[in-house]
Amino acid sequence: MQRRHILRTGAAVTAATALGLGTSSTAASAAAPAAERKRERTRELRVHTVLFDAVEEQDFAGPIEVLGILADADKRRIKQSFVTADGPRTVRTSSGMHIDVRDPWAPEDADVLLVPGGGYGKGSGVDAEIKRGVLPRALAKAERPGLIMGGICTGVMVMSAAKITRGRPCTTHFAAREDLAKEGGKLTYGRVVDDGDLITCGGVTSGLDLALWLAERLYGPETALGAEMILEYERRGTVWRAKS
């Protein structure tokens, strides 16, 4: 049995009830503030994950797994794609794995655009992408109303190079926080920092926390908690959220 399907078993249903995951959507809605009540998404959520050479595997694997659980076990309509700013090509990750990226660069077709990190400092994947300039320029052009941009770990620094974080609440890996502030980001100490159409997180494993927060924001806390059960992972740290 695939772990994504575990919520379909009787034992998991019993556990979900014990944790309050089996409560009705009406009861959950009544308990939540009006501004936080969730509506069912009726159309497909399109998520593009940006890859580049020397990208950190954990940064992109965490969100892909969380969103895959939502699509598989929770029956959400979610389409995930790998993209690069150069278009379809083969990417070599930080651990030397090769990934064939087949989808075109098309941020206009995405609802969520995720930018993982790839180390930091001289010789790192992030450093190379910032110096090359292609990805920061592409990200700057991708900004538009309705698109949520997510920066994971030092991927936030690529977004900073695109001036996307300038003047906005954001965070990144602790090794890059000082630089993020120097480049105009409004450094905010949260595990995940949600500023509406810009969500950032700090730390290599924080991609899991960002994705679980995104699940809660888009689909409600029951959905996010269900994904946590399947992952056997408890979210870490604080989610800082801008006042709506």
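Residues numbered from 1 in each chain as written. Predicted model: local features only at pLDDT ≥ 70, side-chain atom pairs only at ≥ 80, totals over all residues. Heavy atoms only, no water.

An unreviewed UniProt entry lists the protein chain under the name AraC family transcriptional regulator, with Streptomyces lydicus as the source organism.

## What about the nonpolar core?
Core analysis: the largest hydrophobic core is formed by 30 residues, its most contacted members being Leu51, Leu113, Leu135, Leu139, Met149, Met159 and Ile164. Residue assignment for this core shows that the elements contributing at least two residues are β4 (98-101), β5 (112-115), α5 (134-142) and α6 (155-161). Counting 29 residues, the second largest nonpolar core, distinct from the first, contains Leu45, Val66, Leu208 and Tyr233. (Core = buried A, V, L, I, M, F, W, Y, C linked by side-chain atoms within 4.5 Å. Buried < 20%, exposed > 50% of the residue type's maximum accessible area, 1.4 Å probe, protein only. Helix = DSSP H or I, 4+ residues; strand = E, 2+ residues; numbered from the N terminus.)

## Some words on the sheet that holds strand β2 (residues 78-83)
The strand order across the open sheet built from seven strands is β2-β1-β5-β6-β10-β9-β11, with neighbouring strands paired in mixed fashion. Looking at the sheet topology across the chains shown, the edges are occupied by β2 and β11 (239-241). Neighbour-to-neighbour, the strand axes of this sheet turn through a mean angle of 15°, independent of strand direction. Relative to β5, strand β1 (residues 45-50) runs parallel, the two being bridged by three bridges. Directly across from His48, in β5, lies its bridge partner Leu113. (Pairing = 2+ DSSP bridges. Axes fitted to C-alpha atoms, helices over the stretch in contact; angles between N-to-C directions.)

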